Amino acid sequence: MGVKKALLCAALAIAGLAGAAVLAVTSPPPASAASLTQVTNFGTNPTNLQMHLYVPDRVAAKPAILLAIHYCGGTGPGFYSQTRYASLADRYGFVVIYPTVTRSSKCWDVSSPAALRRGGGSDPVGLVAMVDYVKQRHNGDPGRVFATGTSSGAMMTNVLLGDYPDVFRAGASFAGVPFACFATTNGSEWNSQCAGGQSIKTPQQWGDLVRGAYPGYTGPRPRMQIWHGTNDETLRYPNFGEQVKQWTNVHGLGQTPTYTDTPQSGYTRTRYGSSGGTAQVEAISMQGVTHNIPVDAAQVIRFFGLDGTTPTTSTSTTTTTTTTTTTSWTTPSTRPPTKIDCRVRYTVNAWSTGFTAEIILFNTGSLAVDGWDLVFTLPAGQTITSGWNATYSPTSGTVVAGNASYNGPIAPGGAVSFGFQATHTGNTDKPSSFTYFGRDCVVE
């Protein structure tokens, strides 16, 4: 375990820090009083996990609960600052739990026999205790509990959905592996065969591993969203397809997607069991992306149905028809009213190897918005290195700039200013277009 384990921790720590792909906001802190708070004595905690909790100022009467699980080498507070889940909680009124693993490796136990069965006594027990705490202390909705994570946290997401299908309604896995793929019996936390993409099983075999974690359970199974880069050098790309096999089988589905599209350049999205945004399984393959995977929190929240829409459970039927289209990330079910329009002013100040860009987004529609994303594609060779008044994910190619926690509302006729610093390789051109709620903005 020694050298490989050390390499894993180093690689995943670096990948996780960059992989969140959300740059720190350098503006003054938001006016919101909500903050990350540590909770102790939250319940059964056999592996000495730590719990941090984010409860927005405006929380729903019976809020959904999101468990956001860090990568190997990370922490809950680090994952809080590197992802957009808290700002989305401000917008939609759910509660976010940010757990931290305290063992020396700083990786989640996704390999021991104890972790891979319900009530086994390892990390999953402590994580579910955190969920129970929020249900009791904050009137959390037991029917809307979700898990997401990156790398080691993505592996734990798969484990939790297998161990506790009656607790979690859905999960989102960024650069993970199937449930029980990392299983070991010698105390090691590292499984070379799985990490290398060499653990290949039939859908039935993968599904049986999930079903074996909670023998006798016959209730509904959680939906799963799976993200993976084709160039993942740490948890190899075959793990993407093996996760698809596993969770489609768990839902009684075949391997032929119901729906296929290209939501952005290089991304192929497939859905199984339904063509809608809350299909039983949704998988996004990211061409050329390494283990340094960008986390699109807005798409996770959309899949979970926490963006103001009500998630629906589709009938588990298999179809042999594949629909191929090209669409924006904004799906018809979540598209806001049509009285939305926009204008963008983009100003560049360039020098030999870098530049700054100031962006002013004008709300030229008649509808006030409370939270925004602006999508644009940086020309080749441009990479964002820092930013202000917004988050940016990823840092090159097709970028989603999202509001900070303090500048989400834009009144009709109002505007918001934000920007970033970037490097270039000779091309300082502006993006050719900007998209706001799925609509192209007028560019000044």
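Remember, it's a predicted structure, so these values are computed and weren't measured experimentally. (Residues numbered from 1 in each chain as written. Predicted model: local features only at pLDDT ≥ 70, side-chain atom pairs only at ≥ 80, totals over all residues. Heavy atoms only, no water.)

(A) The arrangement of the side chain of Ser111 in detail. For Ser111, the position within the fold is in the loop between strand S4 (95-100) and helix H4 (123-137). Within the local environment of Ser111, its side chain forms a polar contact with the backbone oxygen of Ser188, the two atoms lying 3.3 Å apart. (Helix = DSSP H or I, 4+ residues; strand = E, 2+ residues; numbered from the N terminus. Polar contact = N/O pair within 3.5 Å; in protein donor to acceptor, adjacent residues only side chain to side chain.)

(B) Spotlight on the side chain of Asn158. Mapping Asn158 onto the fold places it in helix H5 (residues 152-163). A polar contact is formed between the side chain of Asn158 and the backbone oxygen of Ala154, at a distance of 2.9 Å. A polar contact of 2.9 Å, which involves the side chain of Asn158, links it to the side chain of Trp247. Beyond its immediate stretch of four places on either side in the chain, Asn158 contacts Ser173, Val177, Pro178, Phe179, Met224, Gln243, Gln246 and Trp247. (Contact = heavy atoms within 4.5 Å.)

(C) Inspection of helix H8 (residues 238-250) at higher detail. If you check H8, its first and last C-alpha atoms are 19 Å apart, about what 13 residues at 1.5 Å a residue would give, namely 18 Å. Counting buried positions along H8 yields eleven of 13 residues, so the element is predominantly enclosed. Regarding H8, the residues found buried are Asn239, Phe240, Glu242, Gln243, Val244, Lys245, Gln246, Trp247, Thr248, Asn249 and Val250. Remark: Gly252 follows H8 within two positions and exhibits a positive phi of approximately 75°. (Expected span 1.5 Å × (residues − 1). Buried < 20%, exposed > 50% of the residue type's maximum accessible area, 1.4 Å probe, protein only.)

(D) Layout of the sheet that holds strand S20 (residues 415-423). Spatially, five strands are ordered S16-S20-S13-S12-S23 in an open sheet, and the strand pairing comes out mixed. Strands at the two margins of the open sheet, each flanked by one partner only, are strand S16 (383-388) and strand S23 (442-443). In this structure, strand S13 (residues 354-363) lies alongside S20, joined through nine bridges in antiparallel fashion. By the bridge assignment, Phe362 is partnered in S20 with Ala415. (Pairing = 2+ DSSP bridges.)

(E) Geometry of the pairing of S20. One ladder, built from five bridges, connects S16 with S20; its direction is antiparallel. Directly across from Ser386, in S20, lies its bridge partner Gln421.

(F) How the structure looks around the confidence of the model for the protein chain. Put simply, the protein chain has an average pLDDT of 86, and 85% of its residues get 70 or more. Contacts from residues 13-31, a stretch scored under 50 in pLDDT, to residues over four places away or in other chains number 54 contacts. Counting interchain partners and residues more than four positions distant, the pLDDT-below-50 stretch residues 309-338 has 73 contacts. (pLDDT = per-residue confidence, 0-100.)

(G) Representation of the pattern of salt bridges. As enumerated under the stated definition, the model contains twelve salt bridges in all. For Arg302, the salt bridge goes to Glu282, with nearest N and O atoms at 2.9 Å. Linking Arg302 in helix H9 (residues 297-304) with Glu282 in strand S10 (residues 281-286), this pair joins segments that are 20 residues apart in sequence. Under the relative-accessibility criterion, Glu282 is labelled buried at 0%. Linking Arg343 and Glu444 is a salt bridge whose minimum nitrogen-to-oxygen distance equals 2.5 Å. Of this pair, Arg343 sits in strand S12 (residues 342-350) while Glu444 sits in the segment after S23, and the two are 101 residues apart along the sequence. Residue classification places Arg343 among the partly exposed positions, given a relative accessible area of 25%. When salt bridges that share partners are traced, they join Arg271, Glu282 and Arg302 into one network. (Salt bridge = Lys/Arg side-chain N within 4 Å of Asp/Glu carboxyl O.)

(H) Highlighting the sheet that holds strand S15 (residues 373-377). Strand order in the open sheet made by the five strands is S17-S18-S15-S21-S22, with antiparallel pairing throughout. This sheet does not close on itself; its edge strands, each paired only once, are strand S17 (390-393) and strand S22 (439-440).

(I) Just the environment of Arg221, in detail. If you trace the backbone, Arg221 turns up in the loop between helix H7 (203-211) and strand S7 (223-229). Spatially, the C-alpha atoms of Arg221 and Tyr164 are 9.2 Å apart, while their sequence positions differ by 57 residues. In this structure, Arg221 is in contact with Gly162, Pro165, Val210, Arg211, Val250 and His251, ignoring residues within four places of it in sequence.

(J) Seen up close, the nonpolar core. The biggest cluster of nonpolar side chains holds 54 residues, and the ones touching the most others in it are Met51, Ile97, Leu160, Phe168 and Phe182. The leading source of residues in this core is H4, at eight residues. When near neighbours in sequence (up to four residues on either side) are disregarded, Phe182 contacts Val110, Ser111, Met155, Val177, Glu189, Trp190, Asn191, Cys194, Ala195 and Leu235. In terms of nonpolar packing, the next biggest core, distinct from the first, is built from 32 residues, Tyr85, Leu88, Ala89 and Phe303 among them. (Core = buried A, V, L, I, M, F, W, Y, C linked by side-chain atoms within 4.5 Å.)

(K) Structural view of the packing of H4 against H5. For the pair H4 and H5, interaxial distance at closest approach is 11 Å and the crossing angle is 80°. On the basis of their axis angle, the class for H4 and H5 is roughly perpendicular. Taken together, the residues of H5 that come into contact with H4 (itself represented by Asp123, Pro124, Leu127 and Val128) are Met156, Val159, Leu160 and Asp163. In terms of residue class, the contact of H4 with H5 is made up of six nonpolar, no polar and two charged. (Axes fitted to C-alpha atoms, helices over the stretch in contact; angles between N-to-C directions. Parallel < 35°, antiparallel > 145°, perpendicular 65-115°, else oblique. Nonpolar A, V, L, I, M, F, W, Y, C, P; charged D, E, K, R; others polar.)

(L) Geometry of H7. If you check which residues of H7 are buried, you get Trp206, Gly207 and Val210. Projected down its long axis, H7 shows its buried positions confined to an angular sector of 95°, all on one face. Turning to H7, the residues buried within the fold contact H5 and H8. (Arc of directions from axis to C-beta.)

(M) The arrangement of the state of the cysteines in detail. The tally for this structure, following the rule as stated, stands at three disulfides. One disulfide bridge connects Cys181 with Cys194, the sulfur atoms lying 2.0 Å from each other. When the S-S torsion is 120°, as for the bridge of Cys181 with Cys194, the disulfide is right-handed. Here Cys181 is found in the loop between strand S6 (170-174) and helix H6 (192-195), whereas its partner Cys194 is found in helix H6, with 13 residues between them in sequence. On the basis of relative accessible area, Cys181 is assigned to the buried category, the value being 4%. (Disulfide = S-S within 2.5 Å.)

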